[in-house]
Structure formats: C-alpha cells, structure tokens
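Here are the chains, one letter per residue:
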Amino acid sequence: MAVDWDSVRDDAVSAAKQALGGGWNAVSGGVTAQIAALVGLANYIEDHRASISDAEYTMLMQHQKMCLQSVLTGYKQISYAVAKNVVSQVVNVLLEAIPGLLGLAA
Amino acid sequence: MRPMSTKWLWVLCGCMAVSACQAILYDAQADQQITSLGQEVNQQLLTWEFDEARQPGSAAYDPKYYAKVESDLTMLQMRINAGSGSNEAVLPDVFSTMQKLLDDEQAAHSSQSRKVDGAFFHVERGLWNTQLATLTSYELALKQSGQAQSASGADARAKGGQESSKTK
C-alpha cells in the first residue's frame, strides 16, 4: 500500500507538538520545517530503497534521528530529555506508517 | 617592577566585569564560514550524486575533500565558541552530529567492499543542510538582536538629543 507522506508529515508534526506541550509556540516554525525536511528525506530513502545497501540504509535512518535530536537541542527552550522524547514520538509515527523501517527502531 | 596601584586594579576589574556581561555579538566571519562550508558540502555531494546517476561506481573517494571539511568544521566551531564569550560550547550537538556525518560518510565511501549509491549522497546532503540551517539561524538571531539593540540605542540617543535641545 502506498504511503501518504503528507499525512505522515502532519502526524509527525502533531506528535512533536504534543511532546513539546507549552514550549511548542516558541519553536513551532523551525521545528515544523525540520520535521518536514526529515520526513521528506525518509520518503526519498524509501523511494530509493532498492538501490541503497542495507548498511547505508540503516546508517541513513540513524543519521535522521541524530539530526533531528541535535536540531531540537539547539533551541534554548528544549532540554535534552524533551528532545529525546520528541524524537521518539516522531519515530513512532514513522514506524507506524512504514513498519519495515530499519535503523529507526534501534 | 612597580606594583599596580589599587585604582588601576579597580579599573581592570571593572573592564573585566563589563566584558563578561557583554551580549554575544553577530560574527560576520563565522556567518561567512557557515556559508562556505555549506557550499563546499553541497557542491561535492551533489557532484557525487550526479556522477553515480550517470555511471554507477564513478563517485571516486577523495580524502582531500573529507580532510578539508573536517578542518573547516573545526575552525568554524572554534570561531563560534570563541565569540560566545563563555566557557560553554555553542550548539555542541550540532557540531558533533556534523562530525559524525562526515566520519560515517568517509567510512562508507572509502570502503572498498561497499558501493555507495547516489541516493546516499542525496540524503546525506539534506541532513547536512538541516544542521547548517541551525547554525545559520543562530547567526541570524544574533544579527537581528544586534540590530534591535542598535536601533533602540539610536532611539535613546535621539530622544536624549530632543530632551537636551528642549532644555536649551
């Protein structure tokens, strides 16, 4: 079944919003753009899954998580613990949409 | 050598206190270094992506590129941390993430046993840009706060000028 990536992006942004609670308003613009960019890259990776080796695929997925977390901790308003929680919520959304995603679950 | 007089010690302490309280200033050179690093990474990863699309296996490993990016990244981090006027590192996770991206890309690219696909370079470029965007936002925020401060300073000076002309 084809993945509706627009819905995945919207769900991922909603999950981040919920995880950030009251802190969302201060960072919403930047975080939304970053999540959209990362979901777009996840989409690209899935589209090119056949040509990417398993090792590179796993590495790219882990890099995705790492990049989102470091972007989030770049905001003064977001603590390390909150950033980890946001990443975990966003990853859950992606895993729900694409259960076969390797690397992200690790 | 003559001992420093108490008066000069107080002046020195005053200067140190003022400099310690200074706001972090926008650094045009750091901003330029971010732009240069972004151009360097985008240009090379895009070239390798296109090379792979044209002819698989043609994105030749270039250790000079990885050495140059590592060096530029180190210089940029030093510059931004030095400009912060604090012992606390600025955006440490962003810098360590970029270092990890570079190390992993180099390991994958230099490995003889693995083929690196053009899509790999495409995604890595996108990931680099998320980190570079964070650094750019940091410098732009400093620039904007500096402009706001000078504008409010100019307002205050203008107001002061009006007040003094009224009293004349």
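Residues numbered from 1 in each chain as written. Chains lettered and ligands numbered in written order. Predicted model: local features only at pLDDT ≥ 70, side-chain atom pairs only at ≥ 80, totals over all residues.

(A) Layout of the overall build of chain A. From N to C terminus, chain A includes 4 helices and 0 strands. Helices and strands in chain A line up, N terminus first, as α-α-α-α. Expected size for 106 residues packed as a compact globule is a radius of gyration near 13 Å; at 13 Å, chain A falls within 12% of this value. Burial status across chain A gives 40% buried among its 106 residues. Restricting the contact set of chain A to residue pairs at least 6 apart, pairs at least 24 apart contribute 65%. (Helix = DSSP H or I, 4+ residues; strand = E, 2+ residues; numbered from the N terminus. Rg over C-alpha atoms; globule rule 2.2 N^0.38 Å. Buried ≥ 20, exposed ≤ 12 C-beta atoms within 10 Å, placed from the backbone. Contact = placed C-beta atoms within 7 Å.)

(B) Region of interest: unusual backbone geometry. A positive phi angle, close to 45 degrees, is found at L91 of chain B, a residue other than glycine. Of the residues examined, L91 of chain B has 22 C-beta atoms within 10 Å and is grouped as buried.

(C) Layout of the interface of chain A and chain B. In this assembly, 24 residues from chain A lie in contact with 22 residues from chain B. In terms of residue count, the dominant contributor to the side of chain A that touches chain B is helix α3 (residues 54–73) of chain A (12 residues). Taken together, the residues of the side of chain A that touches chain B sort by class into 12 nonpolar, 11 polar and 1 charged. (Nonpolar A, V, L, I, M, F, W, Y, C, P; charged D, E, K, R; others polar.)

(D) Quick peek at the nonpolar core. One finds A12, A16, I35, L38, V86 and V90 of chain A to be the most contacted residues of the largest nonpolar core, which totals 58 residues. At the level of secondary structure, the elements contributing two or more residues to this core comprise α1 (5–20), α2 (24–47), α3 and α4 (80–97) of chain A together with α2 (28–54), α3 (63–83), α4 (92–110) and α5 (118–167) of chain B. Among all residues touching A16 of chain A, those that are not within four sequence positions of it are V31, I35, V86, Q89 and V90 of chain A. (Core = buried A, V, L, I, M, F, W, Y, C linked by C-beta atoms within 7 Å.)

(E) Focus on α3 of chain A. The end-to-end C-alpha distance of α3 of chain A is 29 Å, a good match for the 28 Å that 20 residues give at a rise of 1.5 Å each. With 15 of 20 residues buried, α3 of chain A lies mostly within the body of the structure. (Expected span 1.5 Å × (residues − 1).)

Taken by themselves, the reported measurements are silent on function.
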